[in-house]
Every structure is written in C-alpha cells, then in structure tokens.
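# Close look at the chain arrangement
Okay, here's what each chain looks like letter by letter:
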Amino acid sequence: MMFRRWLFKSAAVALVIYGAFVGALFVAQDDILFPVPARNVVVAPDFEAVVIGGDEGRRLQALYHAVDEPSGTVIFFHGNGSLAADEQARGRVIAAQNYNVLLAEYSGYGGSDGQPSGARLKQDALASFDWVAANIEGRVIVYGSSLGTGLAVHVAARRSVAALVLEAPYDALVEVAQRHYPWVPVRLLFRNDIAPVHEIGLLEMPVLIMHGTRDATIPIAHGRTLAAAGGPNVIFEAIDGAGHNDMVRAGSLERALAFLEDLF
C-alpha cells in the first residue's frame, strides 16, 4: 500500500513538472521560433535602406542593391536568427551576376515595426514582393533560406514569380518543432505554423531546393518531403556533408546562380 501511494505521488509530481515544462514552452514559443538578434549591423554604401509598408500601417526596413540593366530582381528571405543586413555579402554576390537584390526584413527584425508571428511574416513577405513589383521593372526571383523558405513559397503561390530557390527548407514549421520535441504535443500547441508543403504543389515556375545531408536543425527529410509535394518543375539537390549553417560555404549560392543562369 505504501509503495502504491509513493508511486502515485511520484507520478503526480512528474505530471506537474511535465505540465509546467510544456506550459513554459507554449508561452515561450514565439521567442524560441523568432530569436530576434539584438545586435546592430553596419549597412554598406552599396545597399540602400528602403521602407516597405506592411499590413496595419507597419514599416519594414529592407535593404536594396540596384545594378545597371539587370536580368531581374532577387528577393531574399533570411532565417530566423539573422537580419537582412547579415546577408549583404550574399546579396553582393547575387548582384555581381547582374541582378537587383532586395534583402527583405520581417516585423520586429532590423528596426522594423511590430512583433514577429507566422501570419505576420507571411504578410511581410507579400509586402516585400509588392514593393518590388511597384518600383522595379522586370522578372522577380524569390530566394529563401531556412525560415525564409516558407515565406518564399507563400509569395510564389500568390504572386507572379519567375523562379524560386529554397535553401535548407522545411515542409511545415510544426513538423520540425515536433521532431525536436517528440515528447511534447507540439501539433496541439503550435500557433505560428508556416507550411509550404501545402502550397508548393500550386507552383508552376522552376524551383530549386537545396539541403545539406548533415543538417541537424532542419533535417534533410523535411526538404525531401517538401520536394516530393511539388511537381515536375522542382529540382532537389542534396549537398553532401553540409550542415544548416554552412550551406553557402558548401556551395549553395553558386548552385543557385548556376540554376538561374540556365533559366535566363
């Protein structure tokens, strides 16, 4: 009898601890998903800070690099732990291939108004495209990395996009979170889902998906699932040995530019 009582109390304590931990994760999920960097990044003279209007009158501060007689404009959507200004080196390489570059920013990031959320970032991404369409002539290519891949697919499904490049993408944020916390009912608690797997099948433009085989943040299985949900216009390239944060060092940007050169 005493053992049963002890077992019951132990189970009750464990359940309380588990519930408290799950509750803490639920409350903190925005901070976990959107760890907005607090640092300031210097903007180089070849990039211009531009203000883009988001929904509800919010202001997004993006960075723009123009070239003479461009082949098109590339909109780049960055990952959740970086800023648009962190991608200036990448943008400069793209611009050297004769593309205008817009390094898009998100609500709450890089001096932009508001707080980030899944729904809000999707609106931000559409606002970035609409700014390009209103101010710059020519084809638009959308390029997303990590968190930005879901935003890139969302834009491509709703706007006239000439080509789409995805680097280390996910099928749905909730599925990635569930993989990282298998003992938590993430699918019941998640409130910021972005699920490109439900939109990529709508796309008709050429799509390049690149994923590192050693990606521990968003394992390559998520990229393969996303590619499988697309149509025959989707090219999937596994980058052997690449992790989540070393895709560029492993050659993803060169692959992306070669893909665009073949198209245009």
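Just so it is clear, the structure is predicted and the values come from calculations on it, not from any experiment.

### Overview of the layout of surface pockets
Quantified by volume, the largest pocket comes out at close to 770 Å³. As for the largest pocket, its lining consists of 34 residues, and the residues nearest its centre are Leu33, Asn80, Ser146, Thr217 and Ile218. Those elements that provide at least two residues to the lining of the largest pocket are helix H1 (2-33), helix H5 (173-180) and helix H6 (186-189). Looking at which element gives the most residues to the lining of the largest pocket, the answer is H1, with six residues. Within this model, the second largest pocket holds a volume of roughly 210 Å³. As for the second largest pocket, its lining consists of 14 residues, and the residues nearest its centre are Val41, Leu83, Ala85, Gly110 and Gly111. When the residues that make up the lining of the second largest pocket are grouped by side-chain class, the tally is eight nonpolar, four polar and two charged.

### Some remarks on the sheet that holds strand S5 (residues 140-145)
Taken together, eight strands build an open sheet; the order of strands is S1-S2-S4-S3-S5-S6-S7-S8 and the sheet is mixed. What marks the edges here is a single partner per strand, and that holds for strand S1 (48-53) and strand S8 (234-239). Strand-to-strand twist of the sheet, defined as the mean angle between neighbouring strand axes without regard to direction, takes the value 20°. Sitting on the sheet, helix H7 (residues 220-229) is in contact with strand S6 (163-167), strand S7 (207-212) and S8, with an inclination near 165° to S8.

About the cut-offs
- Residues numbered from 1 in each chain as written.
- Predicted model: local features only at pLDDT ≥ 70, side-chain atom pairs only at ≥ 80, totals over all residues.
- Heavy atoms only, no water.
- 1 Å grid on protein atoms, 1.4 Å probe; cavity = no way out; pocket = protein on both sides within 12 Å on 5 of 7 lines; lining within 4 Å.
- Points joined across faces, edges and corners; volume = space filled by probe spheres on them.
- Helix = DSSP H or I, 4+ residues; strand = E, 2+ residues; numbered from the N terminus.
- Nonpolar A, V, L, I, M, F, W, Y, C, P; charged D, E, K, R; others polar.
- Pairing = 2+ DSSP bridges.
- Axes fitted to C-alpha atoms, helices over the stretch in contact; angles between N-to-C directions.
- Contact = heavy atoms within 4.5 Å.

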